[in-house]
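Per-entry structural report
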Number of protein chains: 2
Amino acid sequence: MSDRREQNFQKPPGALISIINRAHFIIINERLKPCGLSAGQFLALICLVRKQNIIQDTLARHFHIDKGTVARAVQKLEDGGFIRRTPDPENRRAVRLFLTDKGREMAPVLHSIDLEWEKGAFSGFTNEEKEQCMVYLRRMAANCISLVQKNGYGVDAGE
Amino acid sequence: MSDRREQNFQKPPGALISIINRAHFIIINERLKPCGLSAGQFLALICLVRKQNIIQDTLARHFHIDKGTVARAVQKLEDGGFIRRTPDPENRRAVRLFLTDKGREMAPVLHSIDLEWEKGAFSGFTNEEKEQCMVYLRRMAANCISLVQKNGYGVDAGE
């Protein structure tokens, strides 16, 4: 066992998740730098690439991030000309989000960033191991959402 | 399959890791609030609980977080009287970190926070499933550290 694997062996799951998350964050930040964007806007943009005409608060709920973080990301994306915001005709307090042409052009960039990290993170995994790991991660994510909601914190608690 | 599990099913691994990490962050923040601390100081403090007389830069390397983040955490911990900093007698540029009595009293608090999150995150897992999941997380973390280093970003790139 190498020194690095030995060190990871002693780390609790929270520290491992933090390292994995941080690597994703670093790759996103480095790859988005030339576009004038950073990791803060990545999730919002990738969500809009998949589904447009989405209400801003739905975006926060979908990724379980707080409304303030989403509001800042959306503002930066609008300032950069990647998205446009339109008030919802049926609910004056809601805002609907759409990609601009410049935003649409980001789709392959975002896809390649996520793929690069995913390939790196699962390096050496067989297809079966990766699929089993994804099953565990989905169960952990569902558990974590329940844990936070059960404690009544809501997604805004971390802000 | 419930709606929530259905939604998680469609999420890429990066989004799942982000949700799991954020729940950890929220629980830490809420539980440390009464002590005047937040998630930013948690990793540094938990590391010192395990091993004292550590050099500040080693702390950054151990958790693969940037030196600026560690410096801010250490400053806040010193201001709060949880740790004390002593210049290394053999290397004037290095600083060694020690827990104070107040810092030592945090050990059971930190342990219970991590345990609460861990119990929640692995809820419904058998011991074998949890151990298999930990094996995958260790491999993913080691891969992610290699990925970041291979790209030459270093742990400071995300700052």
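Relevant structure appears above.
Residues numbered from 1 in each chain as written. Chains lettered and ligands numbered in written order. Predicted model: local features only at pLDDT ≥ 70, side-chain atom pairs only at ≥ 80, totals over all residues. Heavy atoms only, no water.

**Observations regarding helix 2 (residues 13-32) of chain A**
What counts is decided by this rule: Numbering of helices and strands runs from the N terminus, with a helix taken as a DSSP run of H or I at least four residues long and a strand as a DSSP run of E at least two residues long. To estimate how far a helix should reach, multiply one less than its number of residues by 1.5 Å. Each residue's exposure class comes from its accessible area (1.4 Å probe, protein chains only) as a fraction of the maximum for that residue type: buried when under 20%, exposed when over 50%, partly exposed otherwise.
Between the first and last C-alpha of helix 2 of chain A there are 29 Å, a value that for 20 residues agrees with the 28 Å anticipated at 1.5 Å per step. The buried fraction of helix 2 of chain A is high, at 18 of 20 residues.

**Quick word on the state of the cysteines**
Put simply, the rule is: In plain terms, two cysteine sulfur atoms within 2.5 Å form what is called a disulfide here.
Under the criterion given, the structure shown has zero disulfides over all chains. Not engaged in a disulfide, the cysteine B:Cys47 finds its nearest cysteine sulfur in B:Cys35; these two sulfurs lie 19 Å apart. Judged by its relative accessible area of 6%, B:Cys47 falls in the buried class. Lacking any disulfide linkage, B:Cys133 is separated from the closest cysteine sulfur, that of A:Cys133, by 6.3 Å.

**Regarding the relation of the copies chain B and chain A**
Note the threshold: We place the copies in one frame by least squares, fitting the C-alpha atoms of every residue whose pLDDT is at least 70 in both.
Least-squares fitting of chain B to chain A yields an RMSD of 0.0 Å, with the transformation described by 0.0 Å of translation along the axis and a rotation of 180°. The superposition of one copy onto the other is thereby described by a two-fold rotation axis.

**Some words on the packing of helix 8 (residues 127-150) of chain A against helix 8 (residues 127-150) of chain B**
For clarity, the cut-off: The angle between two axes is taken between their N-to-C directions and runs from 0 to 180 degrees, where each axis is a line fitted to C-alpha atoms and a helix contributes only its stretch in contact. In what follows, roughly perpendicular refers to angles from 65 to 115 degrees, roughly parallel to angles under 35, roughly antiparallel to angles over 145, and oblique to any angle outside these ranges. In what follows, a contact means two residues having at least one pair of non-hydrogen atoms within 4.5 Å. Gly is put with the polar residues, along with every residue not named as nonpolar or charged; the nonpolar set is Ala, Val, Leu, Ile, Met, Phe, Trp, Tyr, Cys and Pro, and the charged set is Asp, Glu, Lys and Arg.
The geometry of helix 8 of chain A relative to helix 8 of chain B is characterised by a closest axis approach of 10 Å and an angle of 110° between their N-to-C directions. Overall, the two elements helix 8 of chain A and helix 8 of chain B adopt an arrangement that is roughly perpendicular. On the side of helix 8 of chain A, the interface is formed by A:Glu129, A:Gln132, A:Cys133, A:Tyr136, A:Leu137, A:Arg139 and A:Met140, while helix 8 of chain B contributes B:Glu129, B:Gln132, B:Cys133, B:Tyr136, B:Leu137, B:Arg139 and B:Met140. Tallied by class, the residues present in the contact of helix 8 of chain A with helix 8 of chain B amount to eight nonpolar, two polar and four charged.

**Digging into the interface of chain B and chain A**
Operational definition: Note on terms: buried area is the combined drop in 1.4 Å-probe accessible area of two parts once they are placed together, counting the loss on both. Salt bridges are counted wherever a side-chain nitrogen of Lys or Arg sits within 4 Å of a carboxyl oxygen of Asp or Glu. Any pair of nitrogen or oxygen atoms within 3.5 Å is treated as a polar contact; in protein, a donor-acceptor pairing is required on top of that, and neighbouring residues in sequence qualify only through side-chain atoms on both sides.
Opposite the 67 residues of chain B that make contact, chain A presents 67 residues. Together, the buried faces of chain B and chain A total about 6,600 Å²; carbon and sulfur atoms form 65% of this surface. Taken together, the connections running from chain B to chain A amount to two salt bridges. With a closest N to O distance of 3.1 Å, A:Glu129 and B:Arg139 form a salt bridge. Taken together, the links from chain B to chain A amount to eight residue pairs in polar contact (both at pLDDT 80 or more).

**What to know about the sheet that holds strand 2 (residues 83-88) of chain B**
Residues and elements named next belong to chain B. Note the threshold: Paired strands, in this sense, are two strands between which DSSP finds at least two bridges.
Spatially, 1-3-2 is the arrangement adopted by the three strands of the open sheet, whose pairing is antiparallel. On the outer flanks of this sheet lie strand 1 (54-55) and strand 2, each paired with one strand and no other. Note: strand 1 against strand 3 (residues 91-99), two bridges, orientation antiparallel. Paired with Ile54 across the bridge in strand 3 is Leu97. Where helix 3 (residues 39-50) meets the sheet, it contacts strand 1, strand 2 and strand 3, and its direction lies at approximately 80° from that of strand 3.

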